[in-house]
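Architecture at a glance
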Amino acid sequence: MFRTQAADGGDELLARLGALTARARELARMQRSRVELAVALQRGMLPHDLPQVAGVRLAVGYMPANRGLNVGGDWYDAFTMPDGRVGLSIGDVQGHNIKAAAFMGQVRVGLRALASVTGDPGELLARTNDLLVSLGADLFATCTFLRLDPATGVLECARAGHIPHIWATADGRSGVDEGECGPPLGVLEGAEYPVVCHRLTTDGVVVLLTDGVVEGPSLNLDEGLRRVRRLAEITTAASLGIDELARGVMRLADTVGHEDDAAVLVVGHAGAALEEDAPYAFEGPGGHGQAPWPG
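Below you will find a few notes about this structure. (Residues numbered from 1 in each chain as written. Predicted model: local features only at pLDDT ≥ 70, side-chain atom pairs only at ≥ 80, totals over all residues. Heavy atoms only, no water.)

A word on the sheet that holds strand E8 (residues 195-199)
Strand order in the open sheet formed by five strands is E2-E3-E4-E5-E8, with antiparallel pairing between adjacent strands. Edge positions in the sheet fall to strand E2 (74-80) and E8, since each of these pairs with one other strand and no more. Going across the sheet, the axis of each strand differs from the next one's by a mean of 15°, ignoring polarity. Direction of pairing for strand E3 (residues 86-93) relative to strand E4 (residues 141-148): antiparallel, over a ladder of eight bridges. Bridge pairing in E4 places Val 86 opposite Leu 148. Against the sheet, helix H2 (residues 98-114) touches E2, E3 and E4, its axis set at about 20° to E2. (Pairing = 2+ DSSP bridges. Helix = DSSP H or I, 4+ residues; strand = E, 2+ residues; numbered from the N terminus. Axes fitted to C-alpha atoms, helices over the stretch in contact; angles between N-to-C directions. Contact = heavy atoms within 4.5 Å.)

Spelled out as structure tokens, the structure:
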């Protein structure tokens with residue numbers, strides 16, 4: 001009798017373990033499917049082609065956070081605006097799930113749509129922010145938006161809580177642009193976004209980043225920005241090209257030990273030589289600035 005009961009108990013235990021194993025496999029399969037769906041959603045919402053504009057050079061790099069269960073919402077974008085200038089954006093949505101990936105698409109599409117109404121970077125961010133607030137979204141996004149005039153190299157910039165970008169010139173100068181910025185998008189109704197005007201000199205570059213490139217367990221933000229700045233300085237001075245610079249930045253991103261998205265957008269200007277002494281100033285919503293770089 002005892003042996004029969006023990007055998008029955010062992011069979012029941014094995015059956016339970018088998019059911020639990022099957023359930024665990026099913027959950028793992030479902031999670032893999034969610035991650036694959038979110039990554040496909042991310043890639044589907046990123047631009048398939050970059051605009052071809054005389055005098056403007058563009059290069060990008062992107063690495064989705066598909067390690068483990070993390071799926072982020074970083075994006076980059078570049079498009080020709082109605083007035084012939086080039087709109088450039090990069091950003092990062094709070095959170096690491098399929099909801100963040102979907103929200104990223106809303107922000108990117110909103111920026112593009114509103115760019116047909118206003119090209120001013122500060123006003124564009126303000127309108128996008130108010131739109132997101134009115135939708136009652138429980139997520140927010142940081143963003144940098146730039147408007148580049150290919151004919152002159154004039155670059156107007158507004159930031160919404162995003163990390164600073166890097167600049168470098170062909171004569172070996174470089175820096176981190178840490179100008180004033182407004183709050184993240186989708187947080188505060190009526191927020192203002194100061195606009196600063198720069199000039200992108202011939203063969204100079206601007207490197208737009210998300211924090212997954214320069215910050216993680218193995219690297220703090222300041223050191224990460226310093227490394228990208230040095231990389232941009234060397235690559236630009238040696239005329240190695242913006243594609244090589246973008247690849248170098250992504251190699252750096254692969255060393256920071258992060259589980260976040262990583263995106264980079266490199267902007268170069270190959271127009272005619274500009275008058276170095278020509279002053280450029282811009283006044284926009286919430287503030288004004290005068291070009292401290294690159295020349």
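Comments concerning the nonpolar core
Core analysis: the biggest nonpolar cluster contains 46 residues, and Trp 75, Leu 88, Val 93, Val 107, Leu 125, Leu 185 and Tyr 193 have the highest contact counts within it. Broken down by element, the residue count for this core peaks at six residues, all from H2. Core analysis: the next-biggest nonpolar cluster, separate from the first, contains 25 residues, Val 205, Leu 209, Leu 219 and Ala 262 among them. (Core = buried A, V, L, I, M, F, W, Y, C linked by side-chain atoms within 4.5 Å. Buried < 20%, exposed > 50% of the residue type's maximum accessible area, 1.4 Å probe, protein only.)

A short note on the pairing of strand E6 (residues 165-168)
By the alternation rule, side chains of E6 split into His 165 and Trp 167 and Ile 166 and Ala 168, which are all buried. The pairing of E6 with strand E7 (residues 174-177) spans four bridges and is antiparallel. Across the sheet, residue Ile 166 finds its bridge partner in E7, namely Val 176. Hairpin geometry of E6 and E7 is characterised by an intervening segment of five residues between the two adjacent antiparallel strands and by a positive phi of about 95° at Gly 172. Sheet analysis places E6 next to strand E9 (residues 205-209), joined by three bridges and oriented antiparallel. Each bridged residue has a counterpart across the sheet, and for Ala 168 the counterpart in E9 is Val 205.

Thoughts on the sheet that holds E7
Across the sheet, which stays open at both edges, the five strands sit in the order E1-E10-E9-E6-E7 with antiparallel pairing between neighbours. Because the sheet does not close on itself, it has two edges, and the strands there are strand E1 (56-63) and E7. Averaged over all adjacent pairs, the angle separating strand axes in this sheet is 15°, with direction ignored. This element, helix H5 (residues 221-237), spans E6, E7 and E9 of the sheet and lies at about 25° to E6.

So, helix H3 (residues 121-134)
Since the α-helix turns once every 3.6 residues, residues separated by three or four places project in the same direction. With 14 residues, H3 should cover 20 Å at 1.5 Å per step; its first-to-last C-alpha distance of 20 Å lies within 8% of that length. Listed as buried for H3 are Pro 121, Gly 122, Leu 124, Leu 125, Ala 126, Thr 128, Asn 129 and Leu 132. Considering only its buried residues, H3 is in contact with H2, E4, strand E5 (154-160) and E8. Between a side-chain oxygen at the N-terminus of H3 and the backbone nitrogen of Gly 122 the separation is 3.2 Å; the capping residue is Asp 120. Of the residues trailing H3, Gly 136 is marked for its positive phi of about 70°. (Expected span 1.5 Å × (residues − 1). Polar contact = N/O pair within 3.5 Å; in protein donor to acceptor, adjacent residues only side chain to side chain.)

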